[in-house]
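Examination of the molecular architecture
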Amino acid sequence: LSGEANRLKQAAADAALELITDGMAVGLGSGSTAELLLAPLAARVRAGLRVVGVPTSERTATLARDLGIPLASLVEQPHLDITIDGADEILLPSLTLVKGRGGALLREKLVAASTDREVIIADEGKLVAALGTHLPLPVEVIPFGWQYVAGLLRALGCEPVLRPAAPGQLATAQPYITDGGNYVLDCRFSAIPDPLKLAQQIKLMTGVVEHGLFVGVAALAIVAGPTGVRRFERD
Ligand code: A5P
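Read on for an overview of the structure. Within each chain, residues carry numbers counting from 1 in the order of the written sequence. The model is predicted, so local features are restricted to residues of pLDDT at least 70 and side-chain atom pairs to those at 80 or more, both for listing and for counting; the totals for chains, interfaces and linings are taken over all residues. Each side-chain value is worked out from all heavy atoms of the structure, with water and hydrogens disregarded.

Quick look at the pattern of salt bridges now. The rule for a salt bridge is simple: a side-chain nitrogen of Lys or Arg has to be within 4 Å of a carboxyl oxygen of Asp or Glu. With the rule as written, the count across this model stands at 12 salt bridges. A salt bridge links Arg-50 to Asp-22; the nearest nitrogen and oxygen atoms lie 2.3 Å apart. With Arg-50 in the loop between helix H3 (38-46) and strand E2 (52-55) and Asp-22 in the loop between helix H1 (3-17) and strand E1 (25-28), the pair connects residues that are 28 residues apart, well separated along the chain. Note on classification: 1.4 Å probe, protein chains only; a residue is buried when its accessible area is under 20% of the maximum for its type, exposed when over 50%, partly exposed between these limits. Since its relative accessible area comes to 58%, Arg-50 is described here as exposed. The partner of Arg-59 in a salt bridge is Glu-35, with the nearest N and O atoms 2.6 Å apart. With Arg-59 in helix H4 (residues 58-67) and Glu-35 in helix H2 (residues 32-35), this pair connects stretches of sequence that are 24 residues apart. Look at Arg-59 and you get exposed, because its relative accessible area is 53%. The network of salt bridges with shared partners includes Glu-58, Arg-107 and Asp-179. Secondary structure counts use DSSP, requiring at least four H or I residues in a row for a helix and at least two E residues in a row for a strand, with both numbered from the N terminus.

Next up, the structure:
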């Protein structure tokens, strides 16, 4: 990533940090943008801020723990004040999202659903005119019989590809395994004109665990560009 892209992500993360106040339970997102919140948050914890973080992935949990941020599971802390997470695509003004390129979509969605205020941080490259145009839609599926789900998804007009293992996770010929022990089918649609309808269709498929469409979930997007940080409330 270029230094400029990282600078924008950090600007969005820093703006979101200001929303975290003493005593809050905070959902901690996954991905390169959400991770940029962790070090500044840890610095504020060292300075006396009392928070408890609920991580959305094993990776974020490890990073946050190493930085000394107090953590709880979603079972221990079932209600969160705020969650700060990234996204792969953001559609304005509805703040409909595609997430899951990092594979953490299931825990991200559970944490988001348990949160008063879901805040998305991103550089402006994540803003899209139509969902599904930049990246395929990730669908997390049970490994048993995953080809059945792939067939159903194909019938919806996409080309599902079984995500290969991330470098270092397994031999490269093996599938990627989520924190929940499942596979991911990356589904390339030409466009997603009706995200809610598609979300409902995919959710009804036996074998689907979760999909990366977040409809009506994000309350606020903090988007950094070269000219500054913009805030978009959900319409
Ligand atoms: C993780 O599963 C995703 O939903 C991330 O939120 C998303 O991939 C954003 O990651 P970056 O901030 O690295 O682009």
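What follows deals with the sheet that holds E1. We treat two strands as partners when DSSP finds at least two bridges between them. Strand order in the open sheet made by the 6 strands is E2-E1-E3-E6-E13-E14, with mixed pairing throughout. Strands at the two margins of the open sheet, each flanked by one partner only, are E2 and strand E14 (228-233). Strand after strand, the sheet turns through a mean of 20° between neighbouring axes, direction not considered. Note on geometry: axes are lines fitted to C-alpha atoms, helical ones only across the stretch in contact, with angles between N-to-C directions running from 0 to 180 degrees.

Our focus in this paragraph is the state of the cysteines. Criterion for a disulfide: a pair of cysteine sulfur atoms within 2.5 Å. Throughout the structure, instances matching the rule amount to 0 disulfides. With no disulfide of its own, Cys-158 lies closest to Cys-187 among cysteine sulfurs, the gap being 4.0 Å.

Take the site of the ligand next. One heavy atom within 4 Å of a molecule or strand is enough for the residue carrying it to be called near that molecule or strand. Of all residues adjacent to the ligand, which total 17 residues, the nearest are Ser-32, Thr-33, Asp-88, Glu-108 and Lys-126. For this analysis, a polar contact is any N or O atom pair within 3.5 Å, provided that within protein one partner can donate a hydrogen and the other can accept it, and provided that sequence-adjacent residues contribute only side-chain to side-chain pairs. With respect to the ligand, the backbone of Ser-30 contributes an N or O atom lying 3.2 Å from an oxygen atom. With respect to the ligand, the backbone of Ala-104 contributes an N or O atom lying 2.8 Å from an oxygen atom. Each accessible area is a Shrake-Rupley estimate made with a 1.4 Å probe; only the visible protein chains count as cover when residues are assessed. Contact with the protein chains covers 91% of the free accessible surface of the ligand, which is 380 Å². The set of elements that each furnish at least two residues to the shell around the ligand consists of H2 and helix H5 (105-113). Here the nonpolar group is Ala, Val, Leu, Ile, Met, Phe, Trp, Tyr, Cys and Pro; Asp, Glu, Lys and Arg are the charged ones; every other residue, Gly included, is treated as polar. Classifying every residue of the shell around the ligand by side-chain character gives 3 nonpolar, 8 polar and 6 charged.

This part is about the pairing of strand E13 (residues 220-225). In terms of burial, E13 is largely enclosed, as 6 of its 6 residues are buried. Where burial is concerned, the two faces of E13 agree: the one with Leu-220, Ile-222 and Ala-224 and the one with Ala-221, Val-223 and Gly-225 are both buried. Bridge analysis of strand E6 (residues 115-123) against E13 gives 5 bridges, and the strand direction is parallel. Within E13, the position partnered with Ile-120 by the bridge is Ala-221. Taken together, the 6 bridges between E13 and E14 define a ladder with antiparallel strand orientation. Bridge pairing in E14 links Leu-220 to Glu-233. Connecting E13 to the next strand, E14, in antiparallel fashion are 2 residues.

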